[in-house]
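Coordinates in review
Letter by letter, the chains look like this.
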Amino acid sequence: MALELGSRARAAGYGLAAFDAVGSTNAEALTAARGGERRSTWFVTTEQTAGRGRRQRTWVAPRGNLASSVLEVIEVAPSVAATLGFAAGLALERALRNVSIETLARGGADVDYALKWPNDVLGNKQKLSGILLEAEALADNRLAVVVGIGTNVIAAPEGTPYPATSLRALGIEVGAEDVFAALSDAWAECFGIWSNGRGFGDIRRLWLERAAGLGEQVSIQSGSSTVVGTFDGLDETGCMMIVTPSGARETIAAGDVYFGTAGSTGNR
Ligand code: BTN
């Protein structure tokens, strides 16, 4: 089966560049933007050999996993574009729920999907996907934003700081093609809701409805510092809001979130 857009994405006019194997779909999307591509376009593969992750990590997708990046050329400030990561997490979570429902009739598992700040999707409390946003200013003052989404369809990396899993390990037997068709449709929907950032309030509300750990104890690690508190919501820019044990409110712009206290085992 080939990687193809869903019907909603096709109707919305999205383009598609599918690769048998490629270094990084984010890199391909940025190269296309530099070369003059202005159409909303997906860059996808089921084998990524030099993928980029958050915080300079790597994200390799062995054959059968889905590496996908969507290029959107928009006229917004970089800080507004950054909130697209929440639309991406929401879109992937919706897509995974939709493909999973279709597998229930043939014995598929009932998986609990949730969103982990800033934009991971969890399946039964383990990391199923990662999202990396990259952006470049264009000569016409617009911004080329690349939203890269990696989904563990058949395999998950081992030895990661946060436990990872795959759809297959969770009992969801689908192909990367099914996930991509559903994702491209859900993205068209969520990008529409986001509406050049004006709809971030709606995205935030929908994201929080699916958030992991809301109202619970979290610890956020950034470099050598760790902040502990109760996850209290997102501010209007997408920063995580927590209430510390002393009752102080803190706003967190970046970091790796662990549920419970850092250093504890279990659902980290
Ligand atoms: C993370 O570290 O959690 C984010 C990983 C993002 C990986 C995806 S796979 C598709 C796209 N292409 C890349 O090179 N990276 C992103």
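Let us look at the structure shown here. (Residues numbered from 1 in each chain as written. Predicted model: local features only at pLDDT ≥ 70, side-chain atom pairs only at ≥ 80, totals over all residues. Heavy atoms only, no water.)

**Re the sheet that holds strand β3 (residues 66-74)**
Within a sheet, neighbouring strands are paired by backbone hydrogen bonds and run either parallel or antiparallel to one another. Taken in spatial order, the five strands make up an open sheet running β1-β2-β3-β8-β7, and their pairing is mixed. The outermost strands of the open sheet, each flanked by one partner alone, are β1 (15-19) and β7 (129-137). Adjacent strand axes in the sheet meet at a mean angle of 15 degrees, parallel and antiparallel pairs treated alike. Where β7 meets strand β8 (residues 143-151), nine bridges bridge the pair, whose relative direction is antiparallel. Paired with A137 across the strands is L143, a residue of β8. Packing against the sheet, helix α2 (residues 25-34) makes contact with β1, β2 (41-45), β3, β7 and β8, and its axis sits at approximately 25 degrees to β3. Contacts from helix α4 (residues 84-104) reach β3, β7 and β8 within the one sheet, and its direction differs from that of β8 by about 35 degrees. (Pairing = 2+ DSSP bridges. Helix = DSSP H or I, 4+ residues; strand = E, 2+ residues; numbered from the N terminus. Axes fitted to C-alpha atoms, helices over the stretch in contact; angles between N-to-C directions. Contact = heavy atoms within 4.5 Å.)

**Comments concerning unusual backbone geometry**
Along the chain, W117 connects to P118 via a cis peptide bond; the corresponding omega equals 5 degrees. Look at R55: it is not a glycine, yet its phi comes out positive at around 55 degrees. Structurally, R55 can be placed in the loop between β2 and β3. The class for R55 is partly exposed, based on a relative accessible area of 36%. (Buried < 20%, exposed > 50% of the residue type's maximum accessible area, 1.4 Å probe, protein only.)

**Points about the sheet that holds strand β12 (residues 249-252)**
What the five strands build is an open sheet, ordered β12-β11-β10-β9-β13; its pairing is antiparallel. Each having just a single partner strand, β12 and β13 (256-259) make up the two edges of the open sheet. Across the sheet, the axes of successive neighbouring strands diverge by a mean angle of 45 degrees, strand direction being ignored. Pairing geometry for strand β10 (residues 225-234) and strand β11 (residues 240-243), over four bridges, is antiparallel. For T230, the partnering residue across the bridge sits in β11 and is V243.

**Some details on the side chain of S100**
Tracing the sequence through the fold places S100 in helix α4. S100 sits in the buried class, given a relative accessible area of 6%.

**What about the environment of T58?**
Turning to its location among the elements, T58 is positioned in the loop between β2 and β3. Taking the C-alpha atoms as reference points, T58 and N124, 66 residues apart in sequence, are found 24 Å from one another. Ignoring any residue separated from it by four or fewer positions in sequence, one finds T58 in contact with G51 and G53.

**Considerations on the nonpolar core**
Ranked by internal contacts, the top residues of the largest apolar core, which has 67 residues, are Y14, W42, L84, V147, L167, W187 and M240. Considering every element that reaches this core, the biggest residue donor is helix α5 (residues 176-194), with eleven residues. Other than its neighbours up to four places away in sequence, Y14 contacts L5, A9, R39, S40, T41, W42, V70, E72, W187, A188 and F191. Residues L30, A33, F43 and V146 belong to the second largest nonpolar core, which totals nine residues. (Core = buried A, V, L, I, M, F, W, Y, C linked by side-chain atoms within 4.5 Å.)

**Here's the deal with the site of the ligand**
In the vicinity of the ligand, 19 residues are found, and the nearest of them are S24, T25, R52, R54 and K127. Here N26 contributes a backbone N or O atom positioned 3.4 Å from a nitrogen atom of the ligand. In isolation the ligand exposes 420 Å². Once the protein is present, 98% of that is buried. Under a 2 Å grid-point criterion requiring more than half of the atoms, the pocket assigned to the ligand is the largest pocket. Listed by contribution, the elements that provide at least two residues to the shell around the ligand are α2, β3, β7 and β8. The residue makeup of the shell around the ligand, split by class, is five nonpolar, eleven polar and three charged. (Near = heavy atom within 4 Å. Polar contact = N/O pair within 3.5 Å; in protein donor to acceptor, adjacent residues only side chain to side chain. Areas by Shrake-Rupley, 256 points an atom, 1.4 Å probe, with all protein chains shown as cover. 1 Å grid on protein atoms, 1.4 Å probe; cavity = no way out; pocket = protein on both sides within 12 Å on 5 of 7 lines; lining within 4 Å. Sits in = over half its atoms within 2 Å of the grid points. Nonpolar A, V, L, I, M, F, W, Y, C, P; charged D, E, K, R; others polar.)

Fair warning: the whole summary comes from geometry, so function is off the table for now.
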